[in-house]
Every structure is written in structure tokens, then in C-alpha cells.
Amino acid sequence: DTEVTQTPKHLVMGMTNKKSLKCEQHMGHRAMYWYKQKAKKPPELMFVYSYEKLSINESVPSRFSPECPNSSLLNLHLHALQPEDSALYLCASSQESFGTGLNTEAFFGQGTRLTVV
Amino acid sequence: RKEVEQDPGPFNVPEGATVAFNCTYSNSASQSFFWYRQDCRKEPKLLMSVYSSGNEDGRFTAQLNRASQYISLLIRDSKLSDSATYLCVVLKGGKAAGNKLTFGGGTRVLVKP
């Protein structure tokens, strides 16, 4: 099973709303990722968690707040977003590389298509 | 300079033909390399990992050249269903790098009858 499940699939939110995106995997992967993808652009890394600890924050604005409550779950809390934050948000997971680079293929969820109005 | 660069294309390929394209990466400490394909409005799906010795999976062949810091993908006997954007992904892992997976800009391939 190489499944990463993201909910919801679509989300429309106002600029004053607070919402959360959820991601779940049961592959025993200890690295989990959030990416943002705009139309006709490649995915852009936002955050990486390794063993439930934040290992990379690519200078993402604080209106995006990640959380990794356990090894299977990854959340992205959204607050006071702007219309330019509308995008496809992708979650991915992989085994932790331990510096070897081995067995580190990442598997992606179907994404949450977010529209900020 | 971008960390991972690809020719955006599109590569217009007659059905049955062979197409090949490259991806260059700037960080010599990069450890692992992958090709993903992404269809319109879908998530990226792993096509294949790229190993130092080169590897083949059916009609797809991937090569890694560490000295020149590029990877390549060759598609033989192209099918209409191969039309997609092909994304090069580079991993810099380990505690210091924090498992940084970086995407290239993608190469668009259009296979035509």
C-alpha cells in the first residue's frame, strides 16, 4: 500500500477563516512533506517533518502552521490566508534517508485544491 | 541558478518514436534522484528512481551522470498515454539537509498520433 490520503479534496475559504488540511499515511514513513503547487508550475516545498519534528521550513509565512501529531498524520493549519495562497496543496511521505539517500521515494496524496476568496 | 533545472518543452513526439530529455542539478551533495510524471490537475506519481548504474523499466530508461551533475530519461516506443509533464526530483538527505526533496520545473511531453 503506497497510499497517502489527503482531506478535504477541495476547500473554499474566506480570508478571515481558519481551516486545516489533513494528511495520513500508514506506510511507516518517518518523513512527511507539504508542498504548494500553482497552475503550470512545479511543486514548491513548504515544510518537512522528520520523526515528527520540523526539519525544514522554507520561509513559509506564519499564516501556514504545520503540525505532526504522530508518525502517521500531518496537518496544515490555515489562518488569514490571501487570495494568492489559492493553489493545490500536496502532502507526501517517504522513508527517512539517514543520510544514505536509499529507499527514499516519496509518495504523494491527491492534494487539496484550495481557493481563498 | 535554480537547484534543479529542466527544459520545459513541450517535446512533440510522434507515436512510436523515442524521446529523451535531461535534468541538471547544482548541488553535488545530492544523494538520490527520481523521475515523476504528473498529469493535468493530478498529483505527481513516481515513475522511477535513478541509480548510478542506470536503470530500465519497460520502455523507460534513466541514467545518472554524477560528474556532469545531470540525470536523463529516455522513453522508447512512445504511447499517447505517455503525454504528461515529467518532473525531475533530487533529494538531499541526512540530518543537516533535513530530507530536502526539490523538484525541477518539469518537461512537458506531448505524444501525437
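Procedures and definitions
- Residues numbered from 1 in each chain as written.
- Chains lettered and ligands numbered in written order.
- Predicted model: local features only at pLDDT ≥ 70, side-chain atom pairs only at ≥ 80, totals over all residues.
- Heavy atoms only, no water.
- Pairing = 2+ DSSP bridges.
- Helix = DSSP H or I, 4+ residues; strand = E, 2+ residues; numbered from the N terminus.
- Axes fitted to C-alpha atoms, helices over the stretch in contact; angles between N-to-C directions.
- Disulfide = S-S within 2.5 Å.
- Buried < 20%, exposed > 50% of the residue type's maximum accessible area, 1.4 Å probe, protein only.
- Phe/Tyr/Trp six-rings, centres within 6.5 Å; stacked < 30°, edge-to-face > 60°.
- Salt bridge = Lys/Arg side-chain N within 4 Å of Asp/Glu carboxyl O.
- Contact = heavy atoms within 4.5 Å.
- Buried area = accessible area lost by both parts, 1.4 Å probe.
- Polar contact = N/O pair within 3.5 Å; in protein donor to acceptor, adjacent residues only side chain to side chain.
- Nonpolar A, V, L, I, M, F, W, Y, C, P; charged D, E, K, R; others polar.

**Q** Hey, could you run me through the sheet that holds strand S3 (residues 19–25) of chain B in this one?
**A** Remark on secondary structure: sheet strands pair via backbone hydrogen bonds, oriented parallel or antiparallel. Residues and elements named next belong to chain B. If you walk across this open sheet you meet the five strands as S1-S3-S8-S7-S6, and the pairing is antiparallel. Unpaired on one side and paired on the other, strand S1 (4–6) and strand S6 (55–57) mark the two borders of the sheet. Averaged over all pairs of adjacent strands, the angle between their axes in this sheet comes to 20°, without regard to strand direction. The pairing of S3 with strand S8 (residues 70–75) spans six bridges and is antiparallel. In the sheet register, Cys23 faces S8, and the bridge partner there is Ile71.

**Q** For this particular structure, what's the right way to read the state of the cysteines?
**A** Note on terminology: a disulfide is the covalent bond linking the sulfur atoms of two cysteines. Under the counting rule described, the total for this entry stands at two disulfides over all chains. In this model Cys23 of chain A forms its disulfide with Cys91 of chain A; the gap between the sulfur atoms is 1.8 Å. Every disulfide takes its handedness from the sign of the S-S torsion; for Cys23 of chain A and Cys91 of chain A that torsion is -70°, giving left-handed. With Cys23 of chain A in strand S3 (residues 18–25) and Cys91 of chain A in strand S9 (residues 87–94), the pair connects residues that are 68 residues apart, well separated along the chain. The exposure class of Cys23 of chain A is buried, given its relative accessible area of 1%. Bridging Cys23 of chain B to Cys88 of chain B, the disulfide has an S-S length of 2.0 Å. Classification of the bridge connecting Cys23 of chain B and Cys88 of chain B rests on its S-S torsion, roughly -65°, and on that basis the disulfide is left-handed. Of the two residues, Cys23 of chain B is situated in strand S3 and Cys88 of chain B in strand S9 (residues 84–92); the sequence distance between them amounts to 65 residues.

**Q** It is not clear to me how the sheet that holds strand S7 (residues 64–70) of chain A should be interpreted in this structure. Could you clarify?
**A** All names here are of chain A. With antiparallel pairing, the four strands of this open sheet are ordered in space as S1-S3-S8-S7. Strands with a single pairing partner mark the edges of an open sheet, and in this sheet they are strand S1 (4–7) and S7. Within the sheet, the average angular offset between the axes of one strand and its neighbour, ignoring direction, is 20°.

**Q** Looking at this structure, how should I read the packing of aromatic side chains?
**A** A ring pair, where both rings are aromatic, is described by two values, the distance of the centres and the angle of the planes. Residue and element names in this part refer to chain B. Here the structure, examined in full by the defined rule, presents 12 aromatic pairs over all chains. Ring geometry for Tyr36 against Phe103: centres 6.1 Å apart, planes inclined by 50°, an arrangement best described as tilted. Of this pair, Tyr36 sits in strand S4 (residues 32–38) while Phe103 sits in strand S10 (residues 100–103), placing them 67 residues apart in sequence. Taking relative accessible area as the criterion, Tyr36 reaches 1% and is therefore assigned buried. Judged by its relative accessible area of 7%, Phe103 falls in the buried class.

**Q** Sorry, what's going on with the pattern of salt bridges here?
**A** Pairing between side chains becomes possible if they bear opposite charge and their charged atoms approach one another. Residue and element names in this part refer to chain B. The final tally for this structure, using the stated rule, is nine salt bridges over all chains. The partner of Glu3 in a salt bridge is Lys100, with the nearest N and O atoms 3.3 Å apart. Here Glu3, found in the segment before S1, pairs with Lys100, found in strand S10; they are 97 residues apart in sequence, far enough to count as distant. The exposure class assigned to Glu3 is partly exposed, which follows from its relative accessible area of 36%.

**Q** What am I meant to see in the interface of chain A and chain B here?
**A** Between chain A and chain B, the residue contacts involve 28 residues of the former and 23 residues of the latter. Where chain A abuts chain B, roughly 1,900 Å² becomes buried across the two surfaces, and 54% of that area is made up of carbon and sulfur atoms. Considering only the surface of chain A that becomes buried against chain B, Glu105, Phe108 and Arg113 of chain A emerge as the three largest contributors, covering 23% of it. One can count one salt bridge joining chain A with chain B. The salt bridge involving Glu58 of chain A is made with Lys100 of chain B; its shortest N-O contact spans 3.4 Å. Counting every contact that joins chain A to chain B gives five residue pairs in polar contact (both at pLDDT 80 or more). Along the lines of polarity and charge, the residues of the side of chain A that touches chain B split into 14 nonpolar, 10 polar and four charged.

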